[in-house]
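Structural overview
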Amino acid sequence: MENQNIKIFAMTHKAFTPPPDPMYVPLQVGRACHEPLGYAGDDTGDHISSLNAYYSELTGVYWLWKNYRDADIIGICHYRRYFITEGGLLYRDADIRRLLSDYDMIVTKKLELRMPYYDGFASTHDEKDLVETERVVAEKYPAYAPLFHEMVHKKETYFANMMICRKELYDTYCSWLFDILFEVQNRIDPTGYDNYRKRVYGFLSEFLLTVWIVHNGLHVYESCVGMTCEKRETAEIKQALSVYFARQDIAGAKQYFLQQLDKRPDVLMEASDILGELKLCMQIISTCEYEKQRKEPTMLERGMAFDELLAQMKQLNRFIEKLPVPDGAHTLLKHKDTADKLAAYVNEHPVSMTAAEIAGIVLGKISM
């Protein structure tokens, strides 16, 4: 493996600063539909670049399968999302060679879902698209059908279509994947889908990769993934919420956030809300609603700037997370020692007991 050439392609739709290591190569996806960014693009040779709105990074995955022959080992990452070592460092050539000497493929750690994959997909997409995909798999690759049906009702999947493996294995996977997706494309109608739901084939492929790996018994290394920045949409939502908070407009903040969540159901996922601050905004909104019901001054009326609000909520959550729930107490508030500690914390910080109770509910330390 020492003499094999390695290239890791960072899929992007925007200008960014790529890693200085020449092993990492930016690839503009959907370039047929957008202004060139100065990187290699997915719109030459045999390509599906014009379908990027529906296939997302898969237009780049397809282009590499059909057109790229200059690597023995190939990888897919994103402009802001990379495989990293357990120590938090970007993989180097030697790291990849070492891992692939023992494993067939490097992938993300599995997402542990809150509900079965089928239910999660149905809550944010048209479930008929997933049903049709299962039907196509059963028709074209019947040996995969029982596993597909089993796994679609489990609570795990790989994500982001990220992988590193030998080019021959990559090509084999792509041949299987796109044979399925192109047939699904012939059968479903995404007309009327918003920009998020249009990317249906990109979402389906994350689960299909999971099925393909398990069915083929691949020995995979589940790697940490590091983020270099937040999604633009996440930053925009936080900025808008900061304006609502400054106006002390709790109802407006809640309505706006629910509208954004309907448009982008993924905004609360760790891959989008990498700092967890949108979840904190939800917690602040809930806290203020309860404070108003109890006719208490709300967090927003305490005059804290947006960053200070988030900082106080983070600190409160850390404090409550460390508090033990004594055996038999069931809740922090039912035990005098921990309840006293909570009261002392509230007296020393610009938060209310209501805020502490909401934090305890969020963290599972206080029952509803």
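Quick look at the structure, then. (Residues numbered from 1 in each chain as written. Predicted model: local features only at pLDDT ≥ 70, side-chain atom pairs only at ≥ 80, totals over all residues. Heavy atoms only, no water.)

A few points about the overall build of the protein
A count of helices and strands for the protein gives 15 helices and 10 strands. In terms of overall dimensions, the protein has a C-alpha envelope of 65 × 45 × 45 Å along the principal axes. Per-residue burial over the protein gives 50% buried out of 368 residues. Only carbon and sulfur atoms are counted for the fraction: they give 50% of the accessible area of the protein, which is about 17,500 Å². (Helix = DSSP H or I, 4+ residues; strand = E, 2+ residues; numbered from the N terminus. Buried < 20%, exposed > 50% of the residue type's maximum accessible area, 1.4 Å probe, protein only. Areas by Shrake-Rupley, 256 points an atom, 1.4 Å probe, with all protein chains shown as cover.)

With respect to the pairing of strand E5 (residues 81-84)
Of the two faces of E5, the one carrying Arg81 and Phe83 and the one carrying Tyr82 and Ile84 are both buried. Bridge count between E5 and strand E10 (residues 220-227): four bridges; the pairing is antiparallel. Its bridge partner being in E10, Phe83 is matched across the sheet by Val225. (Pairing = 2+ DSSP bridges.)

Regarding the pairing of E10
Of the pairings in the sheet, the one linking strand E6 (residues 105-108) to E10 comprises four bridges and is parallel in character. Opposite Val107, over in E10, you have Glu222 as the bridge partner.

Some points on the pattern of salt bridges
The full count for this structure, using the stated rule, is 20 salt bridges. Among the salt bridges present, the one from Asp95 reaches Arg92, with a minimum N-O distance of 3.5 Å. You can call Arg92 exposed: its relative accessible area is 53%. We note a salt bridge from Arg135 to Glu132, for which the minimum N-O separation is 2.7 Å. (Salt bridge = Lys/Arg side-chain N within 4 Å of Asp/Glu carboxyl O.)

Details of the packing of helix H7 (residues 167-187) against helix H9 (residues 200-215)
What describes two packed helices is the angle between their axes and the distance between those same axes. At a closest axis distance of 11 Å, the pairing of H7 and H9 adopts a crossing angle of 130°. Between H7 and H9, the angle falls in the class oblique. Regarding H7 and H9, the two cross each other, and that crossing is right-handed. In this structure, H7 uses Leu169, Thr172, Tyr173, Trp176, Leu177, Ile180, Leu181, Val184 and Gln185 to contact H9, whose residues at the interface are Tyr201, Leu204, Ser205, Leu208, Leu209 and Trp212. Split into classes, the residues belonging to the contact of H7 with H9 amount to 12 nonpolar, three polar and no charged. (Axes fitted to C-alpha atoms, helices over the stretch in contact; angles between N-to-C directions. Parallel < 35°, antiparallel > 145°, perpendicular 65-115°, else oblique. Left-handed = near helix turned anticlockwise from the far one by under 90°. Contact = heavy atoms within 4.5 Å. Nonpolar A, V, L, I, M, F, W, Y, C, P; charged D, E, K, R; others polar.)

Re the environment of Asp266
When you line up the elements, Asp266 lands in the loop between helix H11 (250-263) and helix H12 (277-293). Measuring from C-alpha to C-alpha, the distance between Asp266 and Leu342 comes to 33 Å, with 76 residues separating the pair along the chain.

A word on the side chain of His78
Along the polypeptide, His78 turns up in strand E4 (residues 73-78). Within the structure, the side chain of His78 is placed 2.7 Å from the backbone oxygen of Ala160, a separation counted as a polar contact. With near-sequence residues (within four places) excluded, His78 lies in contact with Ala10, Met11, Glu57, Ala160 and Met162. (Polar contact = N/O pair within 3.5 Å; in protein donor to acceptor, adjacent residues only side chain to side chain.)

Some details on the environment of Arg97
On the secondary structure map, Arg97 appears in helix H3 (residues 93-100). Sequence separation between Arg97 and Ile73 is 24 residues; the distance between their C-alpha atoms is 9.1 Å. Side-chain polar atoms of Arg97 contact the side chain of Asp93, separated by 2.3 Å.

Things to note about the packing of aromatic side chains
A complete count under the given rule lists 25 aromatic pairs for this structure. Measuring from ring centre to ring centre gives 4.9 Å for Tyr196 and Phe203, while their planes differ by 55°; the resulting arrangement is tilted. The ring of Trp65 carries the charged tip of Lys66 above its face, separated from the ring centre by 4.1 Å. Between the NZ or CZ atom of Arg247 and the centre of the ring of Tyr244, over which it lies, the distance is 5.9 Å. (Phe/Tyr/Trp six-rings, centres within 6.5 Å; stacked < 30°, edge-to-face > 60°. Lys NZ or Arg CZ within 6 Å of the ring centre and 35° of its normal.)

Digging into the packing of H12 against helix H13 (residues 306-322)
At a closest axis distance of 10 Å, the pairing of H12 and H13 adopts a crossing angle of 90°. Considered as vectors, H12 and H13 are oriented roughly perpendicular to each other. Touching Glu277, Leu280, Cys281, Gln283, Ile284 and Thr287 of H12 are Phe306, Leu309, Leu310, Met313, Lys314 and Asn317, all from H13. Partitioned by chemical class, the residues of the contact of H12 with H13 number seven nonpolar, three polar and two charged.

What to know about unusual backbone geometry
One non-glycine residue, Ser56, lies in the positive phi region at around 55°. When you line up the elements, Ser56 lands in the loop between helix H1 (52-55) and helix H2 (58-67). According to the relative accessible area criterion, Ser56 is buried, its value standing at 17%. The backbone of Ala160 sits at a positive phi, close to 75°, despite the residue not being glycine. Residue Ala160 is classed as buried on the basis of its relative accessible area of 4%.

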